[in-house]
Amino acid sequence: MAFGALTLFFGLLLDRIIGDPAGRFHPVVLLGNLIGCWGKTNRYPEKYERAAGICGWLATVAVCLLPCVLICLFAPVWVTVIFSITALAFCIGWRSLEEHVKNVESALAKGDEDGRRAVSMMISRDTKTLTTEQIRSGAYESAAENLTDSIIAPVFWFVVFELLFGTGICGAVLFRAANTMDAMLGYRDERIRIGWFSARMDDILAYLPARVTGLLLIIIYTVCGNGKKAFSVFLHDRKKRPGFNGGIPMSLIAGGCGIQFEKPGVYKIGNPKRTLKEGGPAVIRSVRAASIFAAVIGMLLIFFLRTHIPLFF
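The paragraphs below set out a description of the structure included in this document. (Residues numbered from 1 in each chain as written. Predicted model: local features only at pLDDT ≥ 70, side-chain atom pairs only at ≥ 80, totals over all residues. Heavy atoms only, no water.)

**Comments concerning the nonpolar core**
Nonpolar side chains in soluble globular proteins tend to be buried together. Formed by 87 residues in total, the largest nonpolar core has its most connected members in Leu8, Ile253 and Phe261. The element contributing the most residues to this core is helix 7 (residues 132-165), with 16 residues. Every residue in contact with phenylalanine 261, bar those within four places of it in the chain, is listed here: Ser137, Tyr140, Glu141, Ala144, Met250, Ile253, Ala254, Tyr267, Lys268, Ile269 and Leu276. (Core = buried A, V, L, I, M, F, W, Y, C linked by side-chain atoms within 4.5 Å. Buried < 20%, exposed > 50% of the residue type's maximum accessible area, 1.4 Å probe, protein only. Helix = DSSP H or I, 4+ residues; strand = E, 2+ residues; numbered from the N terminus. Contact = heavy atoms within 4.5 Å.)

Shown next as structure tokens:
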């Protein structure tokens, strides 16, 4: 039976209900603590940092996947389903993504300084000199980029692993572990060597999901009548953002919503037909539409393929 389809539905629903509750025992917090144990540049001679990063990545993935594999293989079905739903909700950051943007808007209502402090929780750039529009850009472009990392990619890998092995939660957990390591270590500073492998693996694991995200957005904007504008900005601006994944959803959302994302001194993506105060809600609607679209397709694939085509199990 296609329990994976039910798991995907209720995992997303649980994320929408509880969001990302804070606490030191939150799985992602525990994951961050584990990464922090080995992901420090001053612990290894410089020439061994790349090797340490590879070993640390492999060990972290193994620690995260082991309980998932054991439960999927040996626990009763009802335990597996409950565990998978709960774990999937922690792998997805849909509600928390919207809440962070809302927090920035609420802070901006009090003044730019409050807005700068709020957006610094979402982006790594220097926020001291950002204008009001640039503060909003940081918040909304984070939502656009993380449509892939926080929602579509976990769903994508859940569906792939469910179809191939009947253990969808392993795919979602694998991506969340890899993405968290990239978020903590994948920077071009003193962490460049120890975080190199984490950054590359995140790029690889997000490669297909980013393009699935792009396809979903093109379909959504075409239906809404903004497909040509979105695709035009995509063709022109997608490579302005460093990396080969993040620019895809950012450029399509900028074009489809008629707004501009700006990182001062680095890039401007989109042709602003309206300000982010006016167009920001359309960004959130785009994220929601793509998330629901991906979930529906994923559930249908799991239901029909796992029900009618026996694969490995």
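**Overview of the packing of aromatic side chains**
Applying the stated criterion across every chain, the model contains 9 aromatic pairs. Ring centres of phenylalanine 9 and phenylalanine 10 lie 5.0 Å apart, and the angle between their planes is 85°; on these two criteria the pair is classed as edge-to-face. Judged by its relative accessible area of 41%, phenylalanine 9 is partly exposed. Residue phenylalanine 10 is classed as partly exposed on the basis of its relative accessible area, which comes to 38%. With 6.4 Å between their ring centres and 75° between their planes, tryptophan 157 and phenylalanine 161 make a pair best called edge-to-face. Placement of both tryptophan 157 and phenylalanine 161 in helix 7 is noted, with a separation of 4 residues, approximately one turn of the helix. Residue tryptophan 157 is classed as buried on the basis of its relative accessible area, which comes to 15%. The ring centre of tryptophan 94 lies 4.5 Å from the NZ or CZ of arginine 16, which sits over that ring. Positioned over the ring face of phenylalanine 234 is arginine 238, at 4.9 Å from the centre of the ring. (Phe/Tyr/Trp six-rings, centres within 6.5 Å; stacked < 30°, edge-to-face > 60°. Lys NZ or Arg CZ within 6 Å of the ring centre and 35° of its normal.)

**Let's talk about a nonpolar patch on the surface**
A cluster of nonpolar side chains, namely Phe3, Leu6, Phe9, Phe10, Leu13, Ile17, Ile18 and Val77, defines an oily patch on the protein surface of about 690 Å² accessible area. It is helix 1 (residues 3-18) that contributes the most residues to the nonpolar patch, 7 residues altogether. Tracing the backbone shows isoleucine 18 in helix 1. (Patch = residues over 30% accessible without salt bridge, like charges linked within 9 Å, V, L, I, M, F, W, Y side chains within 5 Å. Areas by Shrake-Rupley, 256 points an atom, 1.4 Å probe, with all protein chains shown as cover. Salt bridge = Lys/Arg side-chain N within 4 Å of Asp/Glu carboxyl O.)

**Structural notes on helix 4 (residues 77-91)**
Between its terminal C-alpha atoms helix 4 stretches 21 Å, which fits the 21 Å expected from 15 residues at 1.5 Å a residue. Where helix 4 is buried, its residues meet helix 1, helix 3 (49-74), helix 7 and helix 8 (168-185). (Expected span 1.5 Å × (residues − 1).)

**Quick notes on helix 11 (residues 247-257)**
Helix 11 sits mainly inside the fold: 11 of its 11 residues count as buried. Taken as a whole, helix 11 has its buried residues at Gly247, Ile248, Pro249, Met250, Ser251, Leu252, Ile253, Ala254, Gly255, Gly256 and Cys257. Following helix 11 by one or two positions, glycine 258 adopts a phi angle in the positive range, close to 70°.

**Some details on the side chain of serine 198**
Mapped onto the elements, serine 198 comes out in helix 9 (residues 196-224). Other than its neighbours up to four places away in sequence, serine 198 contacts Trp38, Trp57, Met181, Asp182 and Leu185.

**Looking at the side chain of glutamate 98**
Of note, glutamate 98 is situated in helix 5 (residues 94-108). In this structure the side chain of glutamate 98 is engaged in a polar contact, spanning 3.0 Å, whose partner is the side chain of tryptophan 94. There is a polar contact of 2.8 Å between the side chain of glutamate 98 and the side chain of arginine 288. When sequence neighbours within four positions are dropped, the list of residues in contact with glutamate 98 reads Arg16, Ile284 and Arg288. (Polar contact = N/O pair within 3.5 Å; in protein donor to acceptor, adjacent residues only side chain to side chain.)

**Details of the environment of alanine 75**
Among the secondary structure elements, alanine 75 is positioned in the loop between helix 3 and helix 4. The class for alanine 75 is partly exposed, based on a relative accessible area of 23%. Ignoring anything within four residues of it in the chain, the contact list for alanine 75 reads Leu70 and Thr80.

**Examining the environment of proline 272**
In this fold, proline 272 is placed in the loop between strand 2 (267-269) and helix 12 (276-308). Between the C-alpha atom of proline 272 and that of glutamate 190, which follows or precedes it by 82 residues, the distance is 36 Å. Excluding anything up to four places from it in sequence, proline 272 contacts Gly258, Ile259 and Gln260.

**Overview of the pattern of salt bridges**
Under the criterion given, the structure shown has 13 salt bridges. Arginine 116 serves as the salt-bridge partner of glutamate 113, at 2.6 Å between the closest nitrogen and oxygen. Taken together, the residues glutamate 113 and arginine 116, both in helix 6 (residues 112-119) and 3 residues apart, mark about one turn of the helix. Classification of arginine 116 by relative accessible area gives buried; the value is 14%. For lysine 240, the salt bridge identified is with aspartate 237, shortest N-O distance 3.1 Å. Classification of lysine 240 as partly exposed rests on a relative accessible area of 36%. Put simply, Arg16, Glu98 and Arg288 are held in one network by salt bridges that share partners.

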